[in-house]
Amino acid sequence: MKQLSRDALLRAYRRMATIRQFEERLHDEIKTGEIPGFTHLYCGQEASAVGVCEHLDDEDMIVSTHRGHGHCIAKGCDVIGMMKEIYGRRDGLCKGRGGSMHIADTAIGMLGANGIVGAGAPQAVGAAIAAKLNGKNKVAIAFSGDGACNQGTTFEAMNMAVVLKVPAIFVFENNHYSEHTGFQYAVGTAHDIASRAEAFGMKAWRANGSDFFSTYDTMGALLDYVRSGAGPAAIELDTERFYGHFEGDPQRYRGPGELDQIRADRDCLKAFRVDVTNAKQLEAGDLDAIDAEVADLIERAVQAARAAPVSEPQHVLEDVYADY
Amino acid sequence: MAIMTIRDAINRTLHEEMERDSNIILLGEDIAGGAGTAGGQEAIGGIWGTTGGLIGKFGPDRVIDTPISESAIVGAAAGAALAGKRPVAELMFSDFIGVCADQLMNQIAKFRYMFGGNTSCPVVVRLIYGAGMNAAAQHSQAFYNLLTAVPGLKVALPTTPADAKGLLTEALRGQDPVMFFEHKALFGKKGEVPDGEYRVPFGHARMAREGGDVTIVALGRMVSFAEKAADMLAAQGIGCDVIDPRTISPLDEEAILDSVEQTGRLVVVDESPPRCSLATDITALVAEKAFTSLKAPPKMVTAPHTPIPFSRELERAWLPSPEKVEAAVRDVLGRG
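Rules of the game
Residues numbered from 1 in each chain as written. Chains lettered and ligands numbered in written order. Predicted model: local features only at pLDDT ≥ 70, side-chain atom pairs only at ≥ 80, totals over all residues. Helix = DSSP H or I, 4+ residues; strand = E, 2+ residues; numbered from the N terminus. Rg over C-alpha atoms; globule rule 2.2 N^0.38 Å. Contact = placed C-beta atoms within 7 Å. Buried ≥ 20, exposed ≤ 12 C-beta atoms within 10 Å, placed from the backbone. Domains from an automatic or database assignment. Nonpolar A, V, L, I, M, F, W, Y, C, P; charged D, E, K, R; others polar. Core = buried A, V, L, I, M, F, W, Y, C linked by C-beta atoms within 7 Å. Arc of directions from axis to C-beta. Expected span 1.5 Å × (residues − 1). Pairing = 2+ DSSP bridges. Axes fitted to C-alpha atoms, helices over the stretch in contact; angles between N-to-C directions.

We now examine the overall build of chain B. The helix and strand tally for chain B stands at twelve helices and 14 strands. For chain B, the C-alpha radius of gyration of 20 Å lies close to 20 Å, the compact-globule estimate for 336 residues. Principal axes of the C-alpha set define a box for chain B whose edges measure 60 × 45 × 40 Å. Summarising the internal contacts of chain B: among those between residues at least 6 apart in sequence, 77% fall at separations of at least 24.

In structure tokens:
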């Protein structure tokens, strides 16, 4: 944390605050019925996405998951375009054809959120093959959860990355729930995901995914290793999901007081605030100002999404090579 | 023009296109072969002989032998395409789409449309398919119907060396994912192949025979069965149009409908079981759009609705044959 400049700290906080407020606002707006489909909120995991992506530029690539809003924002996707997409609007980031689970912006290295759990890991290996061929020292990252770590695709991808020695990075965000099932039940390797990556022959790190500095610093060491040409690597980030699997999930699987407790004890934005103000790197007022700016941005995004044009029936046939 | 086999036409096209475009990479099991063995890499050159010599010329960074991991092969191809490459993934047998269906059907087929049209995923998947080599139920199927049912995938079925070159070149120049089906019993088929750049546009059928009495639409290896039947029927004074669609997605509907409007009689020959097949698809097309031209009910010559049996006798009985096509043509003419 000492290496980070004031600007870098402000930027990281802004990204995390943007994700938090984006998701909290969606949680409220979904209740109005204006937002179609299934939405999976990233709230609580902000330090993971931002702690990873603050190390990247537009030529580094990520693939994301069904819980992808945080990865998109951390990678630099346009927040207003995202909000319009989630509202299903014609001028959304994907023209209203993708929605919450399928936001992509390949121009900035965001290769796509994905509705199929475990689909992204092999794609990151392919992107890493491309990165290696291009020879510009870029990396490709697969975000996966404690659910996707049980998919065979993830195992295949880890082995292939090791065999081909490509700069693929497997980021396992363990938020303790695969949908509605606990990781203590579903992850057979002594509840430890990183050891699986080690078993496939790659170096793995572990960090607190609810702490920006723990994630950021550990990821820095990991990236030094991968960018040196050493091959793939993995990191397991222990974190928390503040909401359910999807919006509307009654979360009957949670223990008594659990949600209050993780919000009290493992809120990465609060922790960031305490750390940087105690270390006198930023003032509380600096962070308050960002909170206010972000609130304004999110308000503008929601208003823009509400006002944005919807698609017409003939738009169904756009961007297809043939219709029958 | 040079005379060569379909196998060599594919190999030569891969050589030429990889030389032209450094973004083309190959991924698959044993496409070079021999990695990590005493025999050394390129001990095999692809079990079908289509990828021989490529690793020597383009190196292991572009000709990538993979573990047996079809989901990772096709998934990596998808990711490499999103990252700007043009991957050619080989599935040694088209039956293996069962272990990578998600990457084919939910991933590469969807990206362009689902991500708003700004992203393309130009993956070519080479799928080796077809019965006739006693490879039994899990190594003989012609699963082009399954992938044709998925919007976002183009599907090509070359049946001549020239079309193998022309369609593969076209696939490697386009922006959409292409499922390129190569029949294992056709690799040795010889024919003329144009020199230099040669492209066959998708969605344009080839008229393999013109006869005028009956329209036969045949798919893949069945084109040669239909041609044999047409020769037998010509000797009986019956003229057949034999249409090779060459690509089944997109499908040249016009060529089929034009012919049926002239002949009024349709036989479709498809090397797969009858339900939800290209045979039913093309028959439905004609029923919907050329019904009033029909002089007789269309006939479908397909395999039966069973897994593909192993023994020579059973597999022969399972497959369509020139004789079955001949009988179907006589049937639609009322001369059965």
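This part covers the overall build of chain A. Across its full length, chain A holds twelve helices and seven strands. A compact globule built from 324 residues should have a C-alpha radius of gyration of about 20 Å, and chain A, at 19 Å, falls within 12% of that. Dimensions of chain A along its principal axes, counting C-alpha atoms only, are 60 × 50 × 40 Å. In chain A, which comprises 324 residues, the proportion classed as buried is 55%. Partitioning the intrachain contacts of chain A with sequence separation of at least 6 by distance along the chain shows that 74% fall at a separation of at least 24.

What follows is about the domain arrangement of chain B. Residues and elements named next belong to chain B. Each assigned domain of chain B is listed here: domain 1 (2-193) and domain 2 (206-332). The distance between the C-alpha centroids of domain 1 and domain 2 comes to 27 Å. Each side of the interface is counted separately: domain 1 has 25 residues, and domain 2 has 23 residues. Residue assignment for the side of domain 1 that touches domain 2 shows that the elements contributing at least two residues are α6 (144-148), β6 (154-156), α7 (161-173) and β7 (178-183). For the side of domain 1 that touches domain 2, the per-class residue count stands at 14 nonpolar, nine polar and two charged.

Our next topic: the nonpolar core. Counting 203 residues, the largest nonpolar core has A:V125 and B:I216 as the members making the most contacts within it. At nine residues, helix α3 (residues 70-82) of chain B tops the list of elements feeding residues into this core. Here this core spans two domains, and each of domain 1 (2-193) and domain 2 (206-332) of chain B adds at least three residues to it. Leave out the neighbours within four places in its chain, and A:V125 touches A:A157, A:M160, A:A161, A:V166, A:A168, B:A72, B:A76 and B:G79.

Another aspect to go through is helix α9 (residues 253-263) of chain B. Residues and elements named next belong to chain B. Those residues of α9 lying buried are A255, I256, S259, V260 and T263. End-on view of α9: buried residues confined to an arc of 125 degrees, all on one side of the axis. In this structure, the buried side of α9 is in contact with β10 (214-218), β11 (240-244), β13 (266-270) and α10 (278-289). Phi turns positive one or two residues past the end of α9, at G264, with a value near 75 degrees.

On to helix α12 (residues 284-307) of chain A, then. The terminal C-alpha atoms of α12(A), which comprises 24 residues, lie 35 Å apart, in line with the 34 Å expected from a rise of 1.5 Å per residue. Restricting attention to buried positions, one finds in α12(A) the residues A:L287, A:V294, A:I298, A:A301, A:V302 and A:A305.

Let us look at unusual backbone geometry. All names here are of chain B. With an omega of 0 degrees, the peptide bond between S249 and P250 qualifies as cis. Its location among the elements puts P250 in the loop between β12 (247-249) and α9. Of note in this structure, A136 is not a glycine but carries a positive phi near 70 degrees. The residue A136 is located in the loop between β5 (124-129) and α6 in this model. Residue A136 is classed as partly exposed on the basis of its C-beta count, with 16 C-beta atoms lying within 10 Å.

Residue and element names in this part refer to chain A. The five strands lie next to each other as β1-β2-β3-β7-β6, forming an open sheet whose pairing is parallel. Because the sheet does not close on itself, it has two edges, and the strands there are β1 (61-63) and β6 (203-208). This sheet shows a mean twist of 20 degrees between the axes of neighbouring strands, independent of strand direction. The pairing of strand β3 (residues 168-174) with strand β7 (residues 233-238) spans six bridges and is classified as parallel. Bridge assignment links F170 to a residue of β7, and that residue is A234. On top of the sheet, helix α9 (residues 212-230) reaches β3, β6 and β7; it is set at about 165 degrees to β6, its chief contact.

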